[in-house]
Amino acid sequence: QFDESVASYDEALRLDPKYAEAYFWRGLAYWRRKEKEAGADYWDSNGDKALSDFKACLRLNDRHGGANLYTANYYYGYTDEHAKALLHYRRALDGGITDMDLESRIAELESAIATAKAIDLEIAEEERKRRASTAKPKPSTTSNRPAAPPKREYIMKETIERIQRRLKKPKE
């Protein structure tokens, strides 16, 4: 059934290489095959093909709800590119996708990104203060302590894990 579906979409794209829907549906076939063969938690060559088709669909129709949704799912679930996930989730919502709790996911990502930005600002301020203090060394207060570990990675990881736990909770 999978091979027949892909062959049908291949033929449709041979006849009309600008047929966005064919790219989307072929990509969806590859995505489902990836989930069946590799599982939802793993990425494989079928996932690569799916993502390539979703992106081809979006080049032809950047407001395609389904292609934006699955592209967002890729960025959210398999990369650390949460700003791209947020962009595509917003476009999926604008494209008419309503079968997921997209507004909640969008809010969670906005919160995580805002937290990351705040942490980046805090780290930059600490770095600025450190540089300022090393420009004027204090003779008797120098310390041999190692620098504090970066906060951003830890807090970002913790925030993402919290978001993922919330998304996996069954709806009541």
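Because the structure is a prediction, the values reported are computed rather than measured.

Caption draft 1: Quick look at the packing of helix H1 (residues 2–15) against helix H2 (residues 20–37). Interaxial distance between H1 and H2 falls to 9 Å at its minimum, and their mutual angle equals 155°. Taken as axis vectors, H1 and H2 run roughly antiparallel relative to one another. In terms of crossing hand, the pair formed by H1 and H2 is left-handed. Listed contacts from H2 to Phe 2, Asp 3, Val 6, Tyr 9, Asp 10, Ala 12 and Leu 13 of H1 are Ala 22, Tyr 23, Trp 25, Arg 26, Ala 29, Tyr 30 and Arg 33.

Caption draft 2: Examining the side chain of Thr 71 more closely. Within the fold, Thr 71 resides in helix H4 (residues 65–78). Not counting chain neighbours up to four residues away, the residues in contact with Thr 71 comprise Leu 51, Phe 54, Leu 58 and His 88.

Caption draft 3: Main features of the packing of H2 against H4. Between H2 and H4, whose axes approach to 10 Å, the crossing angle comes to 35°. The interaxial crossing formed by H2 with H4 has left-handed handedness. Mapping the contact onto sequence places Phe 24, Leu 28, Trp 31, Arg 32 and Lys 34 in H2 and Gly 66, Ala 67, Tyr 70, Asn 73, Tyr 74 and Tyr 78 in H4. Here the residues of the contact of H2 with H4 are counted per class, giving 7 nonpolar, 2 polar and 2 charged.

Caption draft 4: Quick look at the pattern of salt bridges. Counted by the stated rule, this structure contains 9 salt bridges. The partner of Glu 127 in a salt bridge is Arg 130, with the nearest N and O atoms 2.4 Å apart. With Glu 127 and Arg 130 both in helix H6 (residues 102–135), this residue pair falls 3 residues apart, about one helical turn. Judged by its relative accessible area of 41%, Arg 130 is partly exposed. In this structure, the salt-bridge partner of Glu 127 is Arg 131, at a minimum N-O distance of 3.2 Å. Taken as a pair, Glu 127 and Arg 131 lie in helix H6 at a separation of 4 residues, close to a single helical turn. Here Arg 131 falls in the exposed class, since its relative accessible area comes to 55%. Bridged by salt links that share partners, the residues Asp 10, Arg 26 and Asp 53 form one connected network.

Caption draft 5: Representation of the nonpolar core. In this structure, Phe 24, Phe 54 and Tyr 89 are the most contacted members of the largest nonpolar core, which totals 33 residues. Counting only elements with at least two residues in this core, the list comes to H1, H2, helix H3 (45–60), H4, helix H5 (82–94) and H6. Counting residues per element, this core draws most heavily on H2, which supplies 8 residues. Setting aside residues up to four positions removed in sequence, Phe 24 forms contacts with Phe 54, Cys 57, His 64, Gly 66, Ala 67 and Tyr 70.

Caption draft 6: Main features of the packing of aromatic side chains. The full count for this structure, using the stated rule, is 14 aromatic pairs. Ring centres 6.4 Å apart and planes at 75° place the aromatic pair Trp 31 and Tyr 78 in the edge-to-face group. Residue Trp 31 is located in helix H2, and its partner Tyr 78 is located in helix H4; the two are separated by 47 residues in the primary sequence. Relative to Tyr 74, the ring of Trp 43 lies with its centre 4.8 Å away and its plane at 50°, an arrangement referred to as tilted. Taken as a pair, Trp 43 in the loop between H2 and H3 and Tyr 74 in helix H4 lie far apart in primary sequence, 31 residues in all. In this structure Tyr 74 comes out as buried when scored by relative accessible area, which is 17%. An aromatic cluster is defined as three or more aromatic residues linked by ring pairs; in this entry it consists of Phe 24, Trp 25, Trp 31, Trp 43, Phe 54, Tyr 70, Tyr 74, Tyr 75 and Tyr 78.

What counts and what doesn't
Residue numbers restart at each chain and count upward from 1, following the sequence in its written direction. Since the coordinates come from a predicted model, pLDDT governs what is reported: local features require at least 70, and pairs of side-chain atoms require 80 or more to be given and counted, while whole-chain, interface and lining totals use all residues. Working from all heavy atoms in the structure, the side-chain values ignore hydrogens and water. Helix axes use the C-alpha atoms of the stretch in contact, all axes being lines fitted to C-alpha atoms, and the angles between their N-to-C directions lie in the range 0 to 180 degrees. The way it works is that DSSP assigns letters per residue, a run of H or I at least four long becomes a helix, a run of E at least two long becomes a strand, and they are numbered from the N terminus. The cut-offs work like this: below 35 degrees is roughly parallel, past 145 is roughly antiparallel, 65 to 115 is roughly perpendicular, and the gaps in between are oblique. Should the near helix be turned anticlockwise from the far one by less than a right angle, the crossing is termed left-handed; should it be turned clockwise, right-handed. The contact definition used throughout considers only heavy atoms, calling two residues in contact when any of these lie within 4.5 Å. Just so you know the grouping, Ala, Val, Leu, Ile, Met, Phe, Trp, Tyr, Cys and Pro go in nonpolar, Asp, Glu, Lys and Arg go in charged, and all remaining residues, Gly too, go in polar. Think of a salt bridge as a Lys or Arg side-chain nitrogen and an Asp or Glu carboxyl oxygen that are within 4 Å of each other. For each residue, the accessible area found with a 1.4 Å probe, counting protein chains only, is set against the maximum for its type, and the residue is called buried under 20%, exposed over 50%, and partly exposed in between. Joining through side-chain atoms within 4.5 Å is the link that ties buried Ala, Val, Leu, Ile, Met, Phe, Trp, Tyr and Cys residues into a set, and such a set is a nonpolar core. Here is the rule: rings of Phe, Tyr and Trp (six-membered ring for Trp) pair when centre to centre is within 6.5 Å. Planes less than 30 degrees apart are stacked, more than 60 are edge-to-face, and the remainder are tilted.

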